[in-house]
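# Observations on the model geometry
Here's the letter readout for the chains.
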Amino acid sequence: MLPEVVFVLGAPGAGKGTQCTFISKEFGFIHLSAGDLLREERQRPGSEYGEMIEEKIRNGEIVPVEVTCSLIHKAMEKSGKSRFLIDGFPRNKDNLEGWERVMSDKTKLLFVLFFECSRDLCTDRCLGRGAAGSGRSDDNIESLKKRFNTYLNDTMPIIDHYDKQGLVCRVNAEVSPQEVFADVEKCFTALGIQSIDK
């Protein structure tokens, strides 16, 4: 059986990480964050990609998709599990084409979970996170402006692409995390995916 994948997309601060934690607990999916995998690889001694990843992240550029896909694939194999949430990927057309080229025959895409949240609220959340000591260098107003523009220009077309295939489950992310999760659960149960406690 092919590993099953749900892509998790939304603006910076839409609450993707929080919801992925809930989904993992409830449905037993393994949460893979493309950004975290790249950061880990960058710090791994003797990594063949470390230098290049460091340079791309420092310059605010996107790492070549083959590298990201290969890290995601390795993490999947290492986990020994068969259901995955891929958070923050595909972010742009190149990511999407790369995934379809490299991974589409190795995985089954269930759907795209898309968190909708206004720019103002997301900005407030990220700045709040930064003020609370998130340790994320990009939780500041200047970086957020750039991240939002990238998101609107590059990620929204991905949502449109999957929307045409009827694969997007949209969730209003402007309410409390519990209310958001109540809607998220519906996306999974509609596909017959059951809670691991049941």
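Figured I'd write up the structure that's included with this text. (Residues numbered from 1 in each chain as written. Predicted model: local features only at pLDDT ≥ 70, side-chain atom pairs only at ≥ 80, totals over all residues. Heavy atoms only, no water.)

Another point: the state of the cysteines. Inspection of the entire model under this criterion finds one disulfide. Here Cys169 connects covalently by a disulfide to Cys187, the sulfurs 2.0 Å from one another. Classification of the bridge connecting Cys169 and Cys187 rests on its S-S torsion, roughly -70°, and on that basis the disulfide is left-handed. With a gap of 18 residues between them, Cys169 in strand β5 (residues 168–172) and Cys187 in helix α8 (residues 177–189) connect regions that are remote in the sequence. Pair check on accessibility: Cys169 and Cys187 agree, each one buried. Cys122 takes part in no disulfide bond, and the closest cysteine sulfur to it belongs to Cys117, at a distance of 3.4 Å. (Disulfide = S-S within 2.5 Å. Helix = DSSP H or I, 4+ residues; strand = E, 2+ residues; numbered from the N terminus. Buried < 20%, exposed > 50% of the residue type's maximum accessible area, 1.4 Å probe, protein only.)

Glancing now at the nonpolar core. Among the nonpolar cores identified, the biggest contains 56 residues, and Trp99, Leu113 and Phe188 are the most heavily contacted of them. In terms of residue count, the dominant contributor to this core is helix α4 (residues 65–79) (seven residues). Ignoring sequence-local partners within four residues, the contact set of Phe188 consists of Val6, Ile23, Phe27, Phe29, Leu85, Phe111, Leu113 and Ile193. (Core = buried A, V, L, I, M, F, W, Y, C linked by side-chain atoms within 4.5 Å. Contact = heavy atoms within 4.5 Å.)

Here we take up the packing of aromatic side chains. Considering all chains together, one arrives at nine aromatic pairs under this definition. Aromatic side chains Phe7 and Tyr162 sit 6.0 Å apart centroid to centroid with 50° between the ring planes, which places their arrangement in the tilted category. Remark: Tyr162 occurs in helix α7 (residues 141–164) and Phe7 occurs in strand β1 (residues 4–10); sequence separation between them is 155 residues. Neither residue differs from the other here; Phe7 and Tyr162 are each classed as buried. Here a set of aromatic residues connected by ring pairs shows up, and it is made of Phe7, Phe89, Trp99 and Tyr162. (Phe/Tyr/Trp six-rings, centres within 6.5 Å; stacked < 30°, edge-to-face > 60°.)

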